[in-house]
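Structural features, examined
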Amino acid sequence: MAQNPAPMNRSALTLPRLLAARLLWYTGVAVLAVTALASQTPFSVAAVLWAIAVYIPLSMLALPLQAWLVLRRADRQPPTAPAPSWPCWLAAATGIALLALYHLRPWLVLAECGVLALLIAVDQALARREATRLLAHAAMRRPG
């Protein structure tokens, strides 16, 4: 009779996946930056690189804040549902609208803000996913 193997530690699986998703996203942003440099159009260099230059520090500064907020919420009862996804969709819709407005009225600031809003939308979606997983991880480790 075969004996069941020892259950795997779910936290050992969850945390590397969080890091992998975030690192994959930053790799995608780096590929976007290299593509913008290679295309040598005024739109790509000015709009995309400006948005990435603003986005990366904002994203890096938000990571410790997110971890602090999640750990602060971990002391309480875990939420039954994940955080709402409407802020992600709102940021994405705003970014697409700004890029569409850029084609109607060629102000480079509209394109810069549109690309930045799209980058922030993906970052918000990642933060929502990470917060849900971290809260589940904290709930598993809580005694009781």
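What comes next is a walk through the structure. (Residues numbered from 1 in each chain as written. Predicted model: local features only at pLDDT ≥ 70, side-chain atom pairs only at ≥ 80, totals over all residues. Heavy atoms only, no water.)

Remarks on the nonpolar core
- Counting residues in hydrophobic clusters, the biggest one holds 20 residues, and the most contacted among them are W25, V29, I52, Y55, V115 and L119.
- Elements represented by at least two residues in this core include exactly α1 (10-39), α2 (42-74), α3 (86-104) and α4 (108-141). (Core = buried A, V, L, I, M, F, W, Y, C linked by side-chain atoms within 4.5 Å. Buried < 20%, exposed > 50% of the residue type's maximum accessible area, 1.4 Å probe, protein only. Helix = DSSP H or I, 4+ residues; strand = E, 2+ residues; numbered from the N terminus.)

What to know about α3
- The end-to-end C-alpha separation of α3 is 27 Å, in line with the 27 Å expected for 19 residues at 1.5 Å each.
- Within the span of α3, buried status applies to C88, A91, A92, G95, L98, L99 and Y102. Buried residues in α3, looked at end-on, bunch into an arc of 125°, giving them a common side. What points out from α3, more than 90 degrees from its buried face, is the exposed set W86, W89, I96 and L104. (Expected span 1.5 Å × (residues − 1). Arc of directions from axis to C-beta.)

Quick look at the side chain of R22
- By the element assignment, R22 lies in helix α1.
- Side-chain polar atoms of R22 contact the side chain of D123, separated by 2.3 Å. (Polar contact = N/O pair within 3.5 Å; in protein donor to acceptor, adjacent residues only side chain to side chain.)

Points about the pattern of salt bridges
- Applying the stated criterion across every chain yields a total of two salt bridges.
- For R22, the salt bridge is made with D123, and the minimal N-O distance between the two is 2.3 Å. Here R22, found in helix α1, pairs with D123, found in helix α4; they are 101 residues apart in sequence, far enough to count as distant.
- The buried category is assigned to R22, whose relative accessible area is 6%. (Salt bridge = Lys/Arg side-chain N within 4 Å of Asp/Glu carboxyl O.)

Keep in mind that these numbers describe shape and distance, not what the molecule does.
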